[in-house]
Amino acid sequence: MPLFAVICRDHPGKLQTRLDTRESHLAFLDAQPGVKLAGPLIENGQPCGSLLVVEGDGLTEVKEWTAQDPYNAAGLFASVEVIEWKKVIG
């Protein structure tokens, strides 16, 4: 099954949205069987986005469940990119 990188960038000034939605976001990710790695992107000591590596049947499937992420639904993300990724090291 292919791997995908999900790269999300937050809207500036939305840290409180991230904090308020964090628990539902984490519960959502826990319910997704294909999530291999996930965590925030950090800039100047503050979260500014998210990076996930997920396994899925295809690009469309991963984009569909990414759209249901509570962070996305809360309007946190300014952009979301989903691209196939190939693990080489690690």
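Residues numbered from 1 in each chain as written. Predicted model: local features only at pLDDT ≥ 70, side-chain atom pairs only at ≥ 80, totals over all residues. Heavy atoms only, no water.

- With an unreviewed UniProt entry as reference, the protein is termed YCII-related domain-containing protein, source organism Paracoccus versutus.
- The Sequence similarities (unreviewed entry) field of the UniProt record for the protein holds the comment "Belongs to the YciI family." (UniProt positions renumbered as here; feature names shortened; annotations may be inferred.)

## Concerning the overall build of the protein
Part 1: Helix and strand counts for the protein stand at three helices and four strands.
Part 2: Starting at the N terminus, the α and β elements of the protein follow one another as β-α-β-β-α-α-β.
Part 3: Principal-axis analysis of the C-alpha atoms gives the protein an extent of 35 × 25 × 20 Å.
Part 4: Per-residue burial over the protein gives 34% buried out of 90 residues.
Part 5: Sequence-distant contacts in the protein: of pairs separated by 6 or more residues, those separated by 24 or more amount to 70%.
Part 6: Just so you have it, the protein exposes about 5600 Å², and 53% of that area is on carbon and sulfur atoms.
Part 7: The distance from the centre of the 8 positive side-chain charges to the centre of the 12 negative ones in the protein is 5 Å. (Helix = DSSP H or I, 4+ residues; strand = E, 2+ residues; numbered from the N terminus. Buried < 20%, exposed > 50% of the residue type's maximum accessible area, 1.4 Å probe, protein only. Contact = heavy atoms within 4.5 Å. Areas by Shrake-Rupley, 256 points an atom, 1.4 Å probe, with all protein chains shown as cover. Lys, Arg positive; Asp, Glu negative; His and termini not counted. Charge placed at Lys NZ, Arg CZ, Asp CG, Glu CD.)

## Section: the state of the cysteines
Part 1: Considering all chains together, one arrives at zero disulfides under this definition.
Part 2: Lacking any disulfide linkage, C8 is separated from the closest cysteine sulfur, that of C48, by 11 Å. (Disulfide = S-S within 2.5 Å.)

## Quick notes on the UniProt feature "domain: YCII-related" (unreviewed entry) in the protein
Part 1: Mapped onto this numbering, the UniProt entry gives "domain: YCII-related" (unreviewed entry) at residues 3–86.
Part 2: Within residues 3–86, the helical portion is 35% and the strand portion 43%, while the C-alpha atoms at the span's ends are 6 Å from each other.

## Comments concerning empty space enclosed by the protein
Part 1: Here the structure, examined in full by the defined rule, presents one cavity of 30 Å³ or more.
Part 2: Surrounding the largest cavity, V6, C8, L52, W65, T66, D69 and F77 form its lining.
Part 3: Counting only elements with at least two residues in the lining of the largest cavity, the list comes to β1 (3–10) and α2 (59–67).
Part 4: Taken together, the residues that form the lining of the largest cavity break down as five nonpolar, one polar and one charged. (1 Å grid on protein atoms, 1.4 Å probe; cavity = no way out; pocket = protein on both sides within 12 Å on 5 of 7 lines; lining within 4 Å. Points joined across faces, edges and corners; volume = space filled by probe spheres on them. Nonpolar A, V, L, I, M, F, W, Y, C, P; charged D, E, K, R; others polar.)

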